[in-house]
Amino acid sequence: MGRHVGSAAGPGTPEGAQRGEPAPADRRSVGELLVDADHTVRDLLIDVNGHDAAALLRTWSTVVSAASHLWQALPPTTGPSTVTGDTVPSTADLTMARLHAISHTVTGTAPNKGRRDDFAASRENVRATASRPDDAHNQGQAVEGWPGVGPSDPRLLQIADSFTRAANLLTAGRTPEPPLTERERHDVRAAQAHVMHTLYLGSHAVGTALGHHQTALERMIAGRAKLPPGESLTRTRTARARLSSMEHQAGTVVSATHPHDLSGEHHPTPAPDRLAHALADFDIQAHRTLSARTNTADLMLVGHTHALILAATTTMLRAAAATGHLDGPHAPTTEAPHRQSQLAPGVPRPTPDGPPPRLLKVLGTSQADWMTMTSLWRDLTATSALQPHLDLARASQECRAAIHDSLRDGAAVATPELIATRTDLSRVGPLTQQVLSAGIDLAHLVADVATRTDLVGAARGVHALAVSGPPAQPRQVEASSTGGDGGGRSLRTHEPSPQSAWVTPRDLMTNRSVVLPDHVRKIVASAATDVALSSRTVLDASVAYLSSICAPTSDQTAGLVERRPQSWGRARPDRVPPGPSPSRTLSGCER
């Protein structure tokens, strides 16, 4: 979103101030904050379960309230009435007002009245709640009946905080007044499309969690089990029905605005070095955070962000190849038949259309390994503990914003020509080498953290890995010997009982953090080792290709010995296996 709608740096959050640290600056614009909220709700949608239903419902009114305040802070896109002179609300405006009212009645709170009433108080409440995810409650939350008072969902609080920061930028900055220019109108419509799409996906996610929770309660009643204290099947069904109503109302606006309203959004030309700086800052902060503490939320965020970086690397390599920015003095071209003749049969031929297929394949494999590792860390992280280090979260958010700013166009990937106008594609070769080299060290650091004895995980995730993974190996324990001297000691094998529980029922009920059993720790360490190996494979596969991109020119190599032809992998014609020795007989091997 353009600077006229708000791109100043937002104030720091109070989390760092509570730790006595200066809060890192959030330099994201209004548009980038809305994109982050959209990404967060997408992550929530694919990772929702019935255990989180109460926290999600408890926090949902805060999200809708923050979205409503942001909506009110945006300048109106419709003109005044010829009768009263007041602004005529659009269909989207009326839908937002309905969603605001419904969200509070679902949880028993009263919606704020007026256009901007209690905005400052709501902003402070959202930030204060985000800083205390374990014991915070929504403002005005009803205490009677389900879901009652309890912890909030940190993912929804992150969305609410993004909305609040965006509204803060608009109210603190210079907001355009009607009549709006065409570019300003496109920006406002794009912002409204982002907000409504986030509420649409969010209501579906909360409704899905309520559906899982409802099914679990119905199974308990069918088995004639007593419901836990505070649970209510009736209120769960009612809340699910009302969330479904919110989803359908938001969907009517989304179907008419998303994603085509995003295509007219104004994108200021980003700084050419923004992406490189964001990648470097994230790598530095990841090393600092993982070296300072052991936390599964930090590990999950590191894995998720690095997988995103690998995907962005693939996109940039394709764009650079398509726009001719990879044509170095030794880059592969169709006008070099002598280069093609040097390739052995079966070796992929590099073409001007993009990087070698093997490089793209191993990049995808490494990205998949990082995501697998991330899913393990997510299983070992309780929802209430999804609070990564503040500085690491800020670095990850800036990295995501820089990638989106450079490689995205609305809801789709930008064309290579558009990417070339937003970032310096001539530096893709060195940047890719830095990313892949740093990824190896980061993977080994994650593997080291995975073997630490102080690593703990959520009880439900630990239990799931313990029962689904390979069985625990017997261990040798020291025991008293029953020999004649009576004073000796011997080793005996201790076989873990199949009836023994790795996690106590009380820990499973509350999903507390527990120490990882040895065989669960081995599962995590094995996945981390796979990530390190695939990261090394990516770098090895890219050496030949990227070295040709970054090779010096002929003027820089004047006076040096003649360079031998560049080879692509193990494709040199002189690399042939040695023939059999005359003294050896190859019986049975006529070929």
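Okay, the overall build of the protein next. The number of helices and strands found in the protein is 18 helices and 6 strands. Out of the 591 residues in the protein, the part that is buried amounts to 48%. Considering only contacts in the protein between residues 6 or more positions apart, those separated by 24 or more positions represent 81%. Of the roughly 29,000 Å² that the protein leaves accessible, carbon and sulfur atoms contribute 53%.

For the protein, the average pLDDT comes to 77, and 70% of its residues sit at 70 or higher. Looking across the protein, the model is least confident in helix H1 (residues 14-18), with a mean pLDDT of 40, and most confident in helix H3 (residues 53-73), with 95. Counting contacts from residues 2-20, a segment whose pLDDT is below 50, to residues more than four positions away or on other chains yields 46 contacts. Note on residues 328-352: pLDDT under 50 across the span, and 41 contacts to partners over four residues away in sequence or across chains.

Counting residues in hydrophobic clusters, the biggest one holds 71 residues, and the most contacted among them are Leu 290, Trp 370, Met 373 and Trp 377. When residues of this core are traced back to their parent elements, those giving at least two are helix H9 (274-292), helix H10 (296-322), helix H12 (357-379), helix H13 (390-407), helix H15 (428-450), helix H16 (459-468) and helix H18 (518-549). Counting residues per element, this core draws most heavily on H10, which supplies 13 residues. Once residues within four sequence positions are removed from consideration, Met 373 is found in contact with Val 524, Ala 527, Ala 528 and Val 531. With 51 residues, the next largest nonpolar core counts Trp 71, Ala 92, Ile 102 and Val 206 among its residues.

This part is about the side chain of Ser 534. Relative to the assigned elements, Ser 534 resides in helix H18. With sequence-adjacent residues up to four places away left out, Ser 534 is seen in contact with Ser 366 and Asp 369.

Remark: H10 packs on H15, axes separated minimally by 11 Å, with the N-to-C direction vectors making an angle of 160°. Comparing the axis directions of H10 and H15 gives the class roughly antiparallel. The interaxial crossing formed by H10 with H15 has left-handed handedness. Contact with H10, carried on its side by Leu 299, Val 302, His 306, Ile 309, Leu 310, Thr 313, Met 316, Leu 317 and Ala 320, involves Val 428, Leu 431, Thr 432, Val 435, Leu 436, Gly 439, Leu 442, Val 446 and Val 449 of H15 and no other residues of that element. A class-by-class count of the residues in the contact of H10 with H15 yields 14 nonpolar, 4 polar and no charged.

Moving on, we get to the pattern of salt bridges. Counting across every chain of the model gives 19 salt bridges. Two residues, Arg 274 and Glu 32, come together in a salt bridge whose shortest N-O distance is 2.6 Å. Here Arg 274, found in helix H9, pairs with Glu 32, found in helix H2 (residues 30-45); they are 242 residues apart in sequence, far enough to count as distant. Take Arg 274 and Glu 32: they sit in the same class, and that class is buried. Across the pair Asp 47 and Arg 155 runs a salt bridge whose closest N-O atoms are separated by 3.7 Å. Taken together, the residues Asp 47 in the loop between H2 and H3 and Arg 155 in helix H6 (residues 154-172) connect sequence positions 108 residues apart. Asp 47 sits in the partly exposed class, given a relative accessible area of 24%.

Turning next to helix H7 (residues 182-222). For H7, spanning 41 residues, the distance from its first C-alpha to its last is 59 Å, which sits close to the expected 60 Å at 1.5 Å a residue. Backbone geometry just after H7 places Arg 224 at a positive phi near 60°.

Here we take up the environment of His 104. Looking at the element boundaries, His 104 is found in helix H4 (residues 91-107). Taking relative accessible area as the criterion, His 104 reaches 7% and is therefore assigned buried. Along the primary structure His 104 and Trp 60 are separated by 44 residues, whereas in three dimensions their C-alpha atoms are 8.7 Å apart.

Attention now goes to the packing of H12 against H15. Two elements in contact, H12 and H15, have axes whose closest approach is 13 Å; the angle formed by their N-to-C orientations is 30°. What the angle tells us is that H12 and H15 run roughly parallel. Where H12 crosses over H15, the handedness of that crossing is left-handed. Residue-level inspection shows Leu 363, Trp 370 and Trp 377 of H12 in contact with H15, the latter providing Leu 436, Gly 439, Leu 442, Ala 443, Val 446 and Ala 450.

Let's shift gears to H9. If you check H9, its first and last C-alpha atoms are 27 Å apart, about what 19 residues at 1.5 Å a residue would give, namely 27 Å. Residues of H9 that are buried: Arg 274, Leu 275, Ala 276, Ala 278, Leu 279, Phe 282, Gln 285, Ala 286, His 287, Thr 289 and Leu 290. Looking at the buried residues of H9, the elements they touch are H2, H10, H13 and H15.

Time to look at unusual backbone geometry. Outside of glycine, negative phi angles account for most residues, and trans bonds account for most peptide bonds. Across the junction of His 258 and Pro 259, the peptide omega takes the value 5°, indicating a cis bond. Along the chain, Pro 259 falls in the loop between helix H8 (233-257) and H9. Even without being glycine, Arg 224 reaches a positive phi, approximately 60°. You can see Arg 224 is positioned in the loop between H7 and H8. When its relative accessible area of 81% is taken as the criterion, Arg 224 is described as exposed.

Moving on, we come to the environment of Tyr 200. Along the chain, Tyr 200 turns up in helix H7. For Tyr 200, a relative accessible area of 27% puts it in the partly exposed group. With 51 residues separating them along the chain, Tyr 200 and Gly 251 place their C-alpha atoms 6.0 Å apart. Leave out the neighbours within four places in its chain, and Tyr 200 touches Glu 247, Ala 250, Gly 251 and Val 254.

Turning our attention to the side chain of Ser 68. Note on placement: Ser 68 falls in helix H3. Contact partners of Ser 68, with chain neighbours within four places excluded, come to Met 96 and His 100.

What counts and what doesn't
- Residues numbered from 1 in each chain as written.
- Predicted model: local features only at pLDDT ≥ 70, side-chain atom pairs only at ≥ 80, totals over all residues.
- Heavy atoms only, no water.
- Helix = DSSP H or I, 4+ residues; strand = E, 2+ residues; numbered from the N terminus.
- Buried < 20%, exposed > 50% of the residue type's maximum accessible area, 1.4 Å probe, protein only.
- Contact = heavy atoms within 4.5 Å.
- Areas by Shrake-Rupley, 256 points an atom, 1.4 Å probe, with all protein chains shown as cover.
- pLDDT = per-residue confidence, 0-100.
- Core = buried A, V, L, I, M, F, W, Y, C linked by side-chain atoms within 4.5 Å.
- Axes fitted to C-alpha atoms, helices over the stretch in contact; angles between N-to-C directions.
- Parallel < 35°, antiparallel > 145°, perpendicular 65-115°, else oblique.
- Left-handed = near helix turned anticlockwise from the far one by under 90°.
- Nonpolar A, V, L, I, M, F, W, Y, C, P; charged D, E, K, R; others polar.
- Salt bridge = Lys/Arg side-chain N within 4 Å of Asp/Glu carboxyl O.
- Expected span 1.5 Å × (residues − 1).

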